Amino acid sequence: MTNSFSEFRNAKCFLCIGTNMTEAHPVAATFLKNAVRNGATLIVVDPRKQPLVKHAKLHAQIKVGTDVAFLNGLMYVLIKEDLYDKEFVEKNCLDFEALKETVMKYPPERAADICKIKPELIVEIAKTLASVKPAMLCYTLGITEHTCGKNNVMSTANLQMLLGNMGMESAGVNPLRGQNNVQGACDMGALPNVYPGYQKVIDPAAKEKFEKAWGVTGMSDKNGIMMPDMMDGLVSKKIKGFWIFGENLANSEPDISHVEHCLESAEFLVVQDIFPNETTKFADVILPSAAWSEDNGTFTSSERRINRVRSVKNPPGIAKPNWWIFKELAKHMGHNWPSNSGQELWDNEISVLAPAYSGVKYSRIENDGLQWPCPTVEHPGTKFLHKDGKFSHGKGVFKSVEWTPPAEVEDKDFPFVLSTGRRLYQYHTRTQTGRAGMDALYKEETADISVADAERLGIKHGEKVYVESRRGKVHVSARVTEEVPAGMVWMTFHYREGNANWLTNPAFDPETKTAEYKACAVNVYK
Amino acid sequence: MNITINGKQVEAREGQTVLQAALAAGIYIPHLCYHEKVGVAGKCRACVVEIEGMRGLQTSCSVIVKEDMNVTTNSPTVLNAQRLVVDLMLSSGTHDCLACEQNGNCELQDAAYYLGIERPSVQYGEINREFDISSEFIYVERNKCISCGRCVAACNNVVVNEVLDFGHRGHHTEIVFDADKKMGESTCVQCGECVQICPVGAIVEKKNKGRSRYWETQKVRTTCPYCGVGCQLELHVKDDQIVKVTGVEDAEPNKGRLCVKGRFGYDFIYSKDRLTTPLVKEKGQFREASWDEALGLIASKFKAIIEKDGPDAVAGVSCARSINEDSYSMQKLFRSVFKTNNIDHCART
Ligand code: SF4
Ligand code: SF4
Ligand code: SF4
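Residues numbered from 1 in each chain as written. Chains lettered and ligands numbered in written order. Predicted model: local features only at pLDDT ≥ 70, side-chain atom pairs only at ≥ 80, totals over all residues. Heavy atoms only, no water.

Caption draft 1: Structural detail: the packing of helix 12 (residues 227-236) of chain A against helix 14 (residues 256-265) of chain A. Residues and elements named next belong to chain A. The geometry of helix 12 relative to helix 14 is characterised by a closest axis approach of 8 Å and an angle of 55° between their N-to-C directions. By the angle between their axes, helix 12 is oblique relative to helix 14. Between helix 12 and helix 14 the crossing geometry is left-handed. Residues M231, D232, L234 and V235 of helix 12 form the contact with helix 14, whose own contacting residues are H258, V259, H261, C262, L263 and S265. (Axes fitted to C-alpha atoms, helices over the stretch in contact; angles between N-to-C directions. Helix = DSSP H or I, 4+ residues; strand = E, 2+ residues; numbered from the N terminus. Parallel < 35°, antiparallel > 145°, perpendicular 65-115°, else oblique. Left-handed = near helix turned anticlockwise from the far one by under 90°. Contact = heavy atoms within 4.5 Å.)

Caption draft 2: Inspection of the site of ligand 3 at higher detail. Near ligand 3 you find P26 and V27 of chain A together with C224, Y226, C227, V229, G230, C231, L258, C259 and G262 of chain B, and these make up its full shell. Lying at an intersection of chains, ligand 3 is approached by residues of chains A and B. Its residues assigned to classes, the shell around ligand 3 shows 9 nonpolar, 2 polar and no charged. (Near = heavy atom within 4 Å. Nonpolar A, V, L, I, M, F, W, Y, C, P; charged D, E, K, R; others polar.)

Caption draft 3: Quick look at the pairing of strand 13 (residues 279-282) of chain B. One ladder, built from 2 bridges, connects strand 11 (residues 285-288) of chain A with strand 13 of chain B; its direction is antiparallel. Along strand 13 of chain B, the bridge assignment pairs I286 of chain A with L279 of chain B. For strand 13 of chain B and strand 14 (residues 285-288) of chain B, the ladder comprises 4 bridges, and the chain directions are antiparallel. Of the residues in strand 14 of chain B, the one forming a bridge with K281 of chain B is F286 of chain B. Here strand 13 of chain B hands over to strand 14 of chain B after 2 residues, with K283 of chain B in that stretch at a positive phi of 45°. (Pairing = 2+ DSSP bridges.)

Caption draft 4: How the structure looks around the layout of surface pockets. Estimated volume of the second largest pocket: approximately 970 Å³. Lining the second largest pocket we find 38 residues, and of these L424 and Y425 of chain A together with T187, C188 and V189 of chain B sit closest to its centre. If you list the elements that add at least two residues to the lining of the second largest pocket, you get helix 1 (21-24) and helix 2 (26-37) of chain A. When the residues that make up the lining of the second largest pocket are grouped by side-chain class, the tally is 19 nonpolar, 10 polar and 9 charged. (1 Å grid on protein atoms, 1.4 Å probe; cavity = no way out; pocket = protein on both sides within 12 Å on 5 of 7 lines; lining within 4 Å. Points joined across faces, edges and corners; volume = space filled by probe spheres on them.)

Caption draft 5: Spotlight on the interface of chain A and chain B. Taken together, the contact pairs 148 residues of chain A with 112 residues of chain B. Both sides of the chain A and chain B interface together cover about 11,200 Å² of buried area, and 63% of this is carbon and sulfur. Across the chain A-chain B interface, the total number found is 8 salt bridges. Linking R37 of chain A and E162 of chain B is a salt bridge whose minimum nitrogen-to-oxygen distance equals 2.9 Å. Our enumeration of links across chain A and chain B arrives at 71 residue pairs in polar contact (both at pLDDT 80 or more). For the side of chain A that touches chain B, the element with the most residues is helix 15 (residues 322-332) of chain A, which contributes 9 residues. Residues belonging to the side of chain A that touches chain B are distributed by class as follows: 74 nonpolar, 44 polar and 30 charged. (Buried area = accessible area lost by both parts, 1.4 Å probe. Salt bridge = Lys/Arg side-chain N within 4 Å of Asp/Glu carboxyl O. Polar contact = N/O pair within 3.5 Å; in protein donor to acceptor, adjacent residues only side chain to side chain.)

Set out below in structure tokens:
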């Protein structure tokens, strides 16, 4: 997030696109609802009538996978009617002309036709956005989990720059992160192209710096591969040794049959986790880990805040902290690592090697955490980025993009679009919530379908139906609901039985390699 | 500005109420309906005080401080009036503290203790309201409800879930869920904000019932293991068991608020399914192994693969739920020991 949760309070307007905040980030949603109560305008852009809609002034119920067309449509109106923030754009942004050229191809009539909404709504939303400031744009996986995910993200940034909603309080582009420490895993360099603190592995100076710090030579100077390519590499034998730490890939990745085939093909597979799950059964070696509350460390939240996590008990049996496991393995290969606790790792290695976190030390985050960038121990942390329109790389560059449809769209045999997400009472593949009593609140997967389709197909609420895609088929209860529009099926991947990932399409954004969980073609029948 | 409370000069801020100024100065005045999160309700009248120049007793929660104000909180008149209010509250319910979950952390008990009320002077006839145990994680014991209204205000104005309200009339007034449904059948999302703000033992969480008393537990601050909001939790720990979780008031970003997962989803770590020892697969079956054997095996396999097919023939995915220090260590292992950048994580789900 460029901005912070505490800034929700003073926002005058929210544009929530592809975020089911009340269920996926419930506490954030409470602050948003408080602001709306105090007069802020809420605009929701979502194919479903999800719970936020109740609080919204305007709801654009766009068709799944049409976000770029919608956002370009808004920008068309802003530019055509001269409603954008000219001063901000002139002072702080580059490539406005290219943006203009692209969005001029999306007059409201065309955008509305793609999105299956009324053109007047696009005009009204554009005018509303132009009339209030500051506005926060919030999004979640509804934006990223598309083959055009990166383009979706760029469009949200284009819009906020055009409106001048950047570099000030209660504005910005704010992706809410799904898992507690996705932000941290990125920050720590668990990515194939960057070291901790986003220092590029292809930069020789960065490589040298880390080689020196870690006391080695000969590290790789080329980008590694991303997870989907690792999985395929198991089949093609490009990858022979694979180590999975804490991810239940066999349930969480699209097209379970394919994923399981990949895992089966692994020559040597290590799985490190706290529970046996659908993935551990493919392992050659399983390593037992310390869980949350069994080790001291830090998580970094969506708002870039580095928070302390504390231990209250020992891990069960001889399970061990994860950092200990990696350190011991290094020892078995002749490397002696110095740090011997979360605090030593952070204070003596991470904060020293990554300038953005250099000012963060455990002694400073006993209570509230600090938000990076925080370069020195005197620095108070950064509440919002790009202050006064100063972007990290000089100016904010508009990256104009064209709309592209999902990789798989409805047809005669598979006339429904399947979209996926989360439910309030469960989390991911339920390895945690399923063992904390949450099953009592939502006990099995359902296929959420519209009242219209249910009537047309003679399906009653609670009745078992088949949902089938080109990749698989599941048998689940129908949940007939007003939330879902006709032509759509909505499901989750919380349960092994009826998991949406038997159906989802392993088509990926070419750059980010994020899978298109939000759209594939299915059929529904009794 | 300065005001005087019980003959003592205390500092007060513009706009503060007398109650807020007193509490900030460490002077206790019984109060049950006021809570800083939901603001002034002016309902319970437990906080009455005398203020020079104002006629009669004033509710300190609703009077704004003025320069040189002279306040008395401990005169016999004030204490008697406060006693009457608290006595009535005790009389109108079944406040038999022995097995009450709130015992030791109860604002009504604190008020009674401060005022020296041993037992209520009037014993009303038995008010037999059923316990509502229909909700998965929360139960409601209306016999202990003092109708302060904090939970109603919190559900509606803090978390804006709009479930709780007052229903029925007069003597029968009580808190209701939606249009008088059982809690478990209502639209309640079990965020537990009402539990956290209830001053007494009327809305209580089930998981801790009978397991620990407030003073037996250690309080440890930590961060929620679920979504990326990063809510700050207070773990209530007895021996090595987390018996309860509350939100840390005044903490960024959540200001004490939690959702159902953060508040009630903590006990997966105690599941009997946990992996407790390294396991090595032999002829399709897993058997237990020591750390030395398991790590030795991985080291030799990875070494062999790297020697034969090069470092880029190994790859790893890190965990987006585990601590930063774990992800750091894993990428360090892949980069500095295996010499590959084939390291990633589930950023995209
Ligand atoms: S609510 Fe308070 S006063 Fe009433 S029984 Fe419980 S502890 Fe005692
Ligand atoms: S648990 Fe939350 S939603 Fe339910 S009644 Fe209490 S405050 Fe309202
Ligand atoms: S309590 Fe709920 S909203 Fe807060 S971090 Fe945990 S899961 Fe997210």
